[in-house]
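Summary of structural features
Spelled out from the first residue to the last, the chains are:
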Amino acid sequence: MNDVLEKPRKVYVTRTVEFNAAHRLFNPSISDEENLKTYGKCSNLYGHGHNYELEITVSGTVDRKTGFLLDMKELKIILEKEIMTRFDHKHLNFDVEELKNTVPSTEILAVTVWDILHDALQSYSNKEITLHEVKIHETRKNSVRYLGE
């Protein structure tokens, strides 16, 4: 079955989820003036929100029997459990334990999502699947990619 897979074929599979969250870009170790200079209106006392779009790309060898890398329903479950419940409709500065001692920029968020999903994928049955990329669109014009480096 699936003769095209006679030799191993590495593929990259991406799943996208959207979540809404608020954050304040603020470093308590510097003055309010310096925070304003560094982060501008993003340092607003009450924070501001984004409709984030998160793309998760995993890679590995296509299973010759099934014809796919992984069951996308299982990836959906992992993202719901690890990402959506943790970040959706939350204030990143206060509601997300992993971000409490950070300036929760999109860069920091991308690295945090990587760490969370890297650990979650370790329990997935196909050990050949690896996290390849985390990409977060903060706005339609701004995004951050993290490759685990």
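Residues numbered from 1 in each chain as written. Predicted model: local features only at pLDDT ≥ 70, side-chain atom pairs only at ≥ 80, totals over all residues. Heavy atoms only, no water.

To describe a pair of aromatic rings, you give the distance between the ring centres and the angle between the ring planes. Tallied over the full model, the rule gives 3 aromatic pairs. Ring centres 5.1 Å apart and planes at 25° place the aromatic pair Phe19 and Tyr52 in the stacked group. Here Phe19, found in strand S1 (residues 10–23), pairs with Tyr52, found in strand S2 (residues 48–61); they are 33 residues apart in sequence, far enough to count as distant. As far as burial versus exposure is concerned, Phe19 and Tyr52 are alike and both buried. Here Trp114 and Tyr146 contribute two aromatic rings whose centre-to-centre distance is 5.4 Å and whose plane-to-plane angle is 85°, an arrangement assigned as edge-to-face. A residue pair is termed long-range when its members are at least 10 positions apart, and Trp114 in helix H4 (residues 106–121) and Tyr146 in strand S5 (residues 143–146) qualify at 32 residues. Of the two residues, Trp114 and Tyr146, neither departs from the other in class, the shared state being buried. Of the aromatic side chains, those joined through ring pairs into one cluster are Phe19, Tyr52 and Phe87. Note that Arg24 overlies the ring of Phe26, its terminal NZ or CZ placed 3.9 Å from the centroid. (Phe/Tyr/Trp six-rings, centres within 6.5 Å; stacked < 30°, edge-to-face > 60°. Helix = DSSP H or I, 4+ residues; strand = E, 2+ residues; numbered from the N terminus. Buried < 20%, exposed > 50% of the residue type's maximum accessible area, 1.4 Å probe, protein only. Lys NZ or Arg CZ within 6 Å of the ring centre and 35° of its normal.)

What follows covers the nonpolar core. Counting 34 residues, the largest nonpolar core has Phe87 and Val113 as its most contacted members. Contributing elements (two or more residues each) for this core: S1, S2, helix H2 (72–87), H4, strand S4 (130–137) and S5. Among the elements that take part in this core, H4 stands out by supplying 8 residues, more than any other. Not counting the four nearest positions on each side in its chain, Phe87 is found in contact with Phe19, Asn20, Ala21, Glu82, Leu92, Val96, Leu99, Leu109, Thr112, Val113 and Ile116. (Core = buried A, V, L, I, M, F, W, Y, C linked by side-chain atoms within 4.5 Å. Contact = heavy atoms within 4.5 Å.)

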